[in-house]
Amino acid sequence: RNDCSITPLTPSPSPVATVRPRMACPFSVVIAIDFGTTSSGYAFSFTQDSEAIHMMKRWEGGDPGVANQKSPTCLLLTPDLRFHSFGFAARDFYHDLDPEEARHWLYFDKFKMRIHSTSDLTMETELEAVNGQKVRAIDVFAHALRFFREHALKEVKDQSSSVLEGDEIRWVITVPAVWRQPAKQFMREAAYLAGLVSPDCPEQLLIALEPEAASIYCRKLRLHQVIDLSMQPITNGLELDVSRPFDSSFRQAREQLRRSRHSRTFLVESGTGELWSELQTGDRYVVADCGGGTVDLTVHQIEQPQGTLKELYKASGGPYGAVGVDLAFEAMLCQIFGEDFIQSFKAKRPAAWVDLMIAFEARKRTASPGRTNALNISLPFSFIDYYKRHRGQSVEAALRRSNMNIVKWSSQGMLQLTQEAMNELFQPTISKIVKHIEELMIKPEVRGVRFLFLVGGFAESPMLQKAVQKALGRTCRIIIPHDVGLTILKGAVLFGLDPTVVRVRRCPLTYGVGVLNRFVEGRHPRDKLLIKDGREWCTDILDRFVSVDQSVALGEVVRRSYTPARLGQRKIIINIYCTATDDVTYICDPGVRKCGTITLDLPEPREIRATMQFGDTEIKVTAVDVMSNRSVRASIDFLSN
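About the thresholds
Residues numbered from 1 in each chain as written. Predicted model: local features only at pLDDT ≥ 70, side-chain atom pairs only at ≥ 80, totals over all residues. Heavy atoms only, no water. Helix = DSSP H or I, 4+ residues; strand = E, 2+ residues; numbered from the N terminus. Buried < 20%, exposed > 50% of the residue type's maximum accessible area, 1.4 Å probe, protein only. Contact = heavy atoms within 4.5 Å. Axes fitted to C-alpha atoms, helices over the stretch in contact; angles between N-to-C directions. Parallel < 35°, antiparallel > 145°, perpendicular 65-115°, else oblique. Left-handed = near helix turned anticlockwise from the far one by under 90°. Nonpolar A, V, L, I, M, F, W, Y, C, P; charged D, E, K, R; others polar. Core = buried A, V, L, I, M, F, W, Y, C linked by side-chain atoms within 4.5 Å. Pairing = 2+ DSSP bridges. Phe/Tyr/Trp six-rings, centres within 6.5 Å; stacked < 30°, edge-to-face > 60°. Salt bridge = Lys/Arg side-chain N within 4 Å of Asp/Glu carboxyl O.

Engineer: Run through the overall build of the protein chain, naming residues and quoting values.
Structural biologist: Check the secondary structure of the protein chain and you find 15 helices and 34 strands. Counting across all 641 residues of the protein chain, residues that qualify as buried make up 56%. Sequence separation of at least 24 residues holds for 71% of the intrachain contacts in the protein chain that already meet a minimum separation of 6.

Engineer: Hey, could you go over the environment of isoleucine 488 for me, with residue numbers and the actual values?
Structural biologist: Topologically, isoleucine 488 is positioned in helix H15 (residues 487–497). Judged by its relative accessible area of 5%, isoleucine 488 is buried. Between the C-alpha atom of isoleucine 488 and that of alanine 214, which follows or precedes it by 274 residues, the distance is 4.5 Å. Once residues lying within four places of it in the same chain are set aside, the contact partners of isoleucine 488 are Asp34, Thr174, Glu210, Ala213, Ala214, Asp289 and Gly456.

Engineer: I'd like to hear about the packing of helix H13 (residues 419–441) against helix H14 (residues 462–472), residue by residue, with values.
Structural biologist: At a minimum axis distance of 9 Å, the contact between H13 and H14 shows a crossing angle of 45°. The angle between H13 and H14 falls in the class oblique. For the crossing formed where H13 meets H14, the hand is right-handed. Along the contact surface, H13 presents Gln419, Met422, Asn423, Phe426, Ile430, Ile433, Val434, Ile437, Glu438 and Met441, while H14 presents Met463, Leu464, Ala467, Val468, Ala471 and Leu472. Its residues placed into classes, the contact of H13 with H14 shows 13 nonpolar, 2 polar and 1 charged.

Engineer: Go over the packing of helix H9 (residues 339–348) against helix H11 (residues 381–391) with me, naming the residues and quoting the values.
Structural biologist: Between H9 and H11, whose axes approach to 11 Å, the crossing angle comes to 125°. In terms of orientation, H9 and H11 fall into the oblique class. Remark: the crossing between H9 and H11 carries right-handed chirality. Along the contact surface, H9 presents Asp340, Phe341, Ile342, Ser344, Phe345 and Lys348, while H11 presents Ser382, Phe383, Tyr386, Tyr387, His390 and Arg391. Taken together, the residues of the contact of H9 with H11 sort by class into 6 nonpolar, 3 polar and 3 charged.

Engineer: Provide a residue-level description of the nonpolar core, including the pertinent values.
Structural biologist: Residues Phe337, Val407, Leu417 and Leu452 are the most contacted members of the largest nonpolar core, which totals 99 residues. Every residue in contact with valine 407, bar those within four places of it in the chain, is listed here: Met332, Ile336, Leu399, Leu415, Gln416, Leu417 and Ala421. Membership of the second largest hydrophobic core comes to 52 residues, among which are Ile31, Phe148, Ala177 and Ile207.

Engineer: Give me the lowdown on the side chain of aspartate 549, citing residues and values where you can.
Structural biologist: Residue position: aspartate 549 is located in the loop between strand E26 (535–546) and strand E27 (551–553). What makes aspartate 549 buried here is its relative accessible area of 15%. Residues within four places of aspartate 549 in sequence aside, it is in contact with Tyr313, Lys314, Glu445, Arg506 and Cys507.

Engineer: Summarise the sheet that holds strand E16 (residues 295–303); cite the residues concerned and give the values.
Structural biologist: Strand order in the open sheet formed by 8 strands is E13-E22-E21-E15-E16-E17-E23-E27, and the pairing between neighbours is mixed. Here the strands that pair on one side only, and so sit at the sheet edges, are strand E13 (226–228) and E27. The mean angle between the axes of side-by-side strands here comes to 25°, regardless of whether they run parallel or antiparallel. Inspection of the sheet shows strand E17 (residues 308–318) paired to strand E23 (residues 502–506) by 2 bridges, in the parallel sense. Note on E23: the bridge partner recorded for leucine 309 is valine 502. Contacts from helix H6 (residues 210–218) reach strand E15 (284–290), E16, E17, strand E21 (451–455), strand E22 (477–481) and E23 within the one sheet, and its direction differs from that of E15 by about 125°.

Engineer: Summarise the packing of aromatic side chains; cite the residues concerned and give the values.
Structural biologist: The full count for this structure, using the stated rule, is 27 aromatic pairs. Ring geometry for tyrosine 42 against phenylalanine 148: centres 6.2 Å apart, planes inclined by 75°, an arrangement best described as edge-to-face. With tyrosine 42 in strand E3 (residues 39–46) and phenylalanine 148 in helix H4 (residues 137–159), this pair connects stretches of sequence that are 106 residues apart. Residue class for phenylalanine 148 comes out buried when judged on its relative accessible area of 0%.

Engineer: Summarise the pattern of salt bridges; cite the residues concerned and give the values.
Structural biologist: Within this structure, the stated rule accounts for 28 salt bridges. With a closest N to O distance of 2.8 Å, lysine 364 and aspartate 326 form a salt bridge. Of the two residues, lysine 364 sits in helix H10 (residues 350–366) while aspartate 326 sits in helix H8 (residues 323–337), which places them 38 residues apart along the sequence. The pair formed by lysine 364 and aspartate 326 is uniform in burial state, with each residue classed as buried. The residue arginine 526 makes a salt bridge to glutamate 521 at a minimum N-O spacing of 2.7 Å.

Engineer: Run through the sheet that holds E26, naming residues and quoting values.
Structural biologist: Overall, antiparallel pairing links the 6 strands, which are arranged E25-E26-E24-E29-E30-E34 in an open sheet. Looking at which strands have only one partner, the edges of the open sheet turn out to be strand E25 (529–532) and strand E34 (634–637). Pairwise comparison of adjacent strand axes, ignoring direction, gives a mean angle of 35° for this sheet. In this sheet, E26 lies alongside E25 in antiparallel orientation, the contact comprising 4 bridges. Of the residues in E26, the one forming a bridge with lysine 532 is arginine 535.

Engineer: Describe the pairing of strand E24 (residues 510–518), naming the residues involved and giving the relevant values.
Structural biologist: Most of E24 is tucked away, with 7 of its 9 residues classed as buried. Note: E24 against strand E29 (residues 571–579), 4 bridges, orientation antiparallel. Residue pairing in the sheet places threonine 510 in a bridge with threonine 579 of E29.

Now the structure itself:
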């Protein structure tokens, strides 16, 4: 019951808008880090020359057939838990270790998904390395961010004529839009730990939402910078030989990509790009960010003449990234060779397992719907050898026995995945993505959308492109930027240069606090009655700050005044509750959960006015002592539940 010792003095029904003028950027350089599930990278821009976005240097190492603008998101710690390496360097070093020794090293890859899937994320949440050892997740993320910080700063210094002070840099880190507040705060805490910025200067770090960043960049596109899938023919469901024009435009795009890759500086339009000249004012579009871990959908409207963006529907999506295809491949191996064998192989030969997945990854990228020949994946020698010793028979015999007709064994010691096998691996993930986009397209707020931008690493896959084209090509134009894997990174830099570009966002959840209100006989249930100092109160009422899918403009705030419940109280702790629906009355209704706390310091025991901002990418809170108008310490925490 202590929860509800505060009566709201000012139940303000709607947020008050305070328009903020576009400020000159107080930083001299913006560095954005796109921390992805499968690959990561950074880019930067000097505010004096904000038309030019510099991509990070090419990385050492690298894979044949994979563009090296970003680095794989994998991290290696020594047996005594010190940072060793990140990216290709981590992968190659781990691969070259002796199998016995490798078991003591901690190798992490695709670890970002854990943050998405953990429902009770805290600073103590742990991640499991490939060898089964556990480490605090926040430390792993901080190691990765520290690595990027060092690389980026060195490169910025090389290109900068003047000496840069730490406070002249604005950092931007990208997260999926479907991530909840705890995950966003987690990334911020990891950045503090990595020394990107100090907790005393929180405004130096921005959290950018991935599809939103992509959208900001897409506004700048010119026609020669995109592939328009809608221009490709689809003949009423019966595909005549579509593969030719389809492939040739991909070839052109690849060539274009190859050329642009050699130049690491990209120039962006100062206004909106010519692609939009045919969009009437107020035209709407969907950005589908198809990444390694998640698929994230955002619906935006361009407001002319300023070119600002307005979100029309709350961010939606889910864990349907390209990793799903890897998991399907692993499941297929379990089906052929037995789950116990695969688990044992992963534990005893972790580096060889990583090798096998890299080989699959490279092949996965070449899979396309029109392909007739099989895809060959070489099994590491240690896999073949380990299977023979473990099971007493050959890999070939296992394949024959498994009745898996869609996977063959080639005389060169390779698994041959037929087109049917590839379809089977891709289908579940791709159909979830298509279904999700289709469901979004029929929402009233989204109906009649004319453009769909496909971005993110998975959007490079011809399998996904073709499926989306087939399902949606008749209802809207499907546009893929040429450098589709870098779209988010460039947009994140643009967001850092001007965070006010997204003017209106939608709330993903309903947020509020529990309060006491006057008890009304007949309206409130008896079990909520609380008698205090002779007065009758109804407890546990949810006092809403914002409702799910409500439009909130930048700078709009929600104000509430609170007084301490008892004399001498030096701190007010207010629990924040959230729910995915809006038809709730009490904080104990089904679907309502406690998600965070606001802490207000009380210099004097009197009225405090708290101001909350919901229009940014993160929820912020400030507070003032009403009588003296002095600000008091206020913090909002979503990680300590």
